[in-house]
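Analysis of the macromolecular model
Residues per chain, in single letters:
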Amino acid sequence: MDRIERRIAWIAPVLIIPGELELEALAEGAGRVLLGLESAREWTPPSAPRPLTGA
């Protein structure tokens, strides 16, 4: 984060807000697949909800 902050801090103040660590989880999952501990899965997006009909 420090390298990114140094490059963009001139634009505006930088706030670092803790998150869910999605990138780390993604990397760990890819590592498990590469090590053969898990098989790769394909993500399918959920279907769009149906529009509400007037009553």
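The structure presented is a predicted model; accordingly, all values stated were derived computationally and were not measured.

The rules we used
Residues numbered from 1 in each chain as written. Predicted model: local features only at pLDDT ≥ 70, side-chain atom pairs only at ≥ 80, totals over all residues. Heavy atoms only, no water. Helix = DSSP H or I, 4+ residues; strand = E, 2+ residues; numbered from the N terminus. Rg over C-alpha atoms; globule rule 2.2 N^0.38 Å. Buried < 20%, exposed > 50% of the residue type's maximum accessible area, 1.4 Å probe, protein only. Areas by Shrake-Rupley, 256 points an atom, 1.4 Å probe, with all protein chains shown as cover. Lys, Arg positive; Asp, Glu negative; His and termini not counted. Charge placed at Lys NZ, Arg CZ, Asp CG, Glu CD. Patch = residues over 30% accessible without salt bridge, like charges linked within 9 Å, V, L, I, M, F, W, Y side chains within 5 Å. Salt bridge = Lys/Arg side-chain N within 4 Å of Asp/Glu carboxyl O. Expected span 1.5 Å × (residues − 1).

**Points about the overall build of the chain**
If you tally the helices and strands in the chain, you get two helices and zero strands. Taking 10 Å as the expected radius of gyration for a compact globule of 55 residues, we find that the chain reaches 20 Å, considerably beyond that expectation. By principal-axis analysis of the C-alpha atoms, the chain measures approximately 55 × 45 × 15 Å. Buried residues in the chain amount to 2% of all 55 residues. Of the roughly 6100 Å² of accessible surface on the chain, 62% is carried by carbon and sulfur atoms. The distance from the centre of the 6 positive side-chain charges to the centre of the 8 negative ones in the chain is 5 Å.

**So, a negative patch on the surface**
Together, Glu 20, Glu 22, Glu 24 and Glu 28 make up a region of like negative charge exposed at the surface. By the secondary structure assignment, Glu 24 is in helix α2 (residues 22-34).

**Things to note about α2**
Helix length check: α2 (13 residues) gives 18 Å between terminal C-alpha atoms against 18 Å at 1.5 Å per residue, within 8%. Once α2 ends, the next one or two residues include Gly 36, with phi positive near 80°.

**Some words on a nonpolar patch on the surface**
A contiguous nonpolar patch, built from Ile 4, Ile 8, Trp 10 and Ile 11 and spanning about 480 Å² of accessible area, is present on the exposed surface. Position of Ile 4 among the secondary structure elements: in helix α1 (residues 2-8).

**A look at the environment of Glu 22**
As for its position among the elements, Glu 22 is in helix α2. With a relative accessible area of 54%, Glu 22 lands in the exposed category. Residues Glu 22 and Thr 53, 31 residues apart in the sequence, show an inter-C-alpha distance of 37 Å.

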